[in-house]
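Now for the letters of each chain:
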Amino acid sequence: MKKSHRIILSILIISFIILLILVKLEKTMNIDTKVYNFIIKIKSNELTNIVKAITNLGDTFIIISSIIMCFLLFRKRIYPILITSNILGIVLLNQTLKHIVMRPRPEFLHLVEESGFSFPSGHSMAAFGFYGYFIYLISISKLNKKIKIILNIILSVLILLIGLSRVYLGVHYISDIVAGFIMSFIYLIFFTTITKKYLKNE
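Not measured: the values here are computed from a predicted model. (Residues numbered from 1 in each chain as written. Predicted model: local features only at pLDDT ≥ 70, side-chain atom pairs only at ≥ 80, totals over all residues. Heavy atoms only, no water.)

(A) View of the nonpolar core. Membership of the largest hydrophobic core comes to 55 residues, with the highest contact counts inside it found for Phe16, Ile83, Phe130, Tyr131, Tyr133, Val167 and Ile186. Listing elements by their share of this core, those giving two or more residues are α1 (3–24), α2 (29–40), α3 (45–56), α4 (60–73), α5 (78–101), α6 (122–139), α7 (145–168) and α8 (174–200). (Core = buried A, V, L, I, M, F, W, Y, C linked by side-chain atoms within 4.5 Å. Buried < 20%, exposed > 50% of the residue type's maximum accessible area, 1.4 Å probe, protein only. Helix = DSSP H or I, 4+ residues; strand = E, 2+ residues; numbered from the N terminus.)

(B) Main features of the pattern of salt bridges. Scanning all chains against the criterion turns up three salt bridges. Across the salt bridge formed by Arg103 and Asp32, the nearest N and O atoms sit 3.0 Å from each other. In this pair, Arg103 is assigned in the loop between α5 and α6 and Asp32 in helix α2, connecting sequence segments 71 residues apart. Judged by relative accessible area, Asp32 falls into the buried class, the value being 0%. Between Arg103 and Asp176 there is a salt bridge, with its nearest N and O atoms 2.8 Å apart. In this pair, Arg103 sits in the loop between α5 and α6 while Asp176 sits in helix α8, placing the two residues 73 residues apart along the sequence. Judged on exposure class, the residue Arg103 and its partner Asp176 are both buried. (Salt bridge = Lys/Arg side-chain N within 4 Å of Asp/Glu carboxyl O.)

(C) Main features of the packing of aromatic side chains. Summed over the entire model, instances satisfying the criterion amount to ten aromatic pairs. When the centroid spacing of 5.2 Å and the interplanar angle of 75° are considered together, the rings of Phe130 and Phe134 count as edge-to-face. Pair noted here: Phe130 and Phe134 are both in helix α6, with a separation of four residues, about one helical turn. A relative accessible area of 18% means that Phe134 is categorised as buried. Ring geometry for Tyr133 against Phe191: centres 5.4 Å apart, planes inclined by 80°, an arrangement best described as edge-to-face. One end of the pair, Tyr133, is in helix α6; the other, Phe191, is in helix α8, and 58 residues separate them in sequence. Relative accessible area serves as the criterion here: at 10%, Phe191 is assigned to the buried category. Within the aromatic cluster, the residues linked to one another by ring pairs are Tyr133, Tyr136, Tyr187 and Phe191. (Phe/Tyr/Trp six-rings, centres within 6.5 Å; stacked < 30°, edge-to-face > 60°.)

(D) Local environment of the environment of Leu57. Turning to its location among the elements, Leu57 is positioned in the loop between α3 and α4. Along the backbone, Leu57 and Leu161 are 104 residues apart, and their C-alpha atoms lie at a distance of 9.9 Å. Aside from chain neighbours lying at most four places away, what touches Leu57 is Ile62, Ile63, Tyr131, Leu158 and Ile162. (Contact = heavy atoms within 4.5 Å.)

(E) Focus on unusual backbone geometry. Cis rather than trans, the peptide bond between Phe119 and Pro120 has omega equal to -10°. Along the chain, Pro120 turns up in the loop between α5 and α6. Although it is not a glycine, Glu26 adopts a positive phi angle of roughly 60°. Turning to its location among the elements, Glu26 is positioned in the loop between α1 and α2. With a relative accessible area of 60%, Glu26 lands in the exposed category.

Here is the structure:
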């Protein structure tokens with residue numbers, strides 16, 4: 001692992017630990033509530049339908065469907081295998097953290113039905129881990145540089161929108177979203193470091 005990666009990893013781990021402590025001490029509730037109140041001000045039936053469509057892009061069904069498409073489209077099986085392993089690891093990590101922290105869902109107005117614990121956000125972790133891994137694969141690919149930039153910007157915006165959609169829908173605090181992003185970033189650093197040797201052989 002490069003020195004720069006180790007530094008980023010250390011910052012991310014420390015940030016997650018600090019955020020976790022603040023959540024357990026209920027020190028994030030003020031900012032969590034303010035962010036929700038700010039986002040919900042733009043609520044409308046039309047926007048809610050759009051947000052629901054965006055949040056669905058982080059759902060299990062869409063991700064599984066995308067993985068199946070990867071198996072059908074990629075001739076080299078190593079890519080869909082790594083993509084599948086990546087998301088399975090993230091789901092397992094998310095569920096483990098949820099049951100350790102056991103933070104209840106917000107008492108905001110839920111615009112969609114959700115169950116289970118709130119911290120960290122499963123949709124945020126899945127979105128950052130799944131689409132973030134595609135950003136990594138695109139970055140190391142032989143695609144044209146401009147195409148790389150365009151695709152990575154689109155995926156980055158999608159990740160952010162999926163995270164914010166969970167706050168708008170009232171099923172997560174913003175601190176859940178940030179924690180999900182941070183933890184998936186940590187996971188991806190480890191995952192890409194461990195698996196890059198398989199990609200080099202392709």
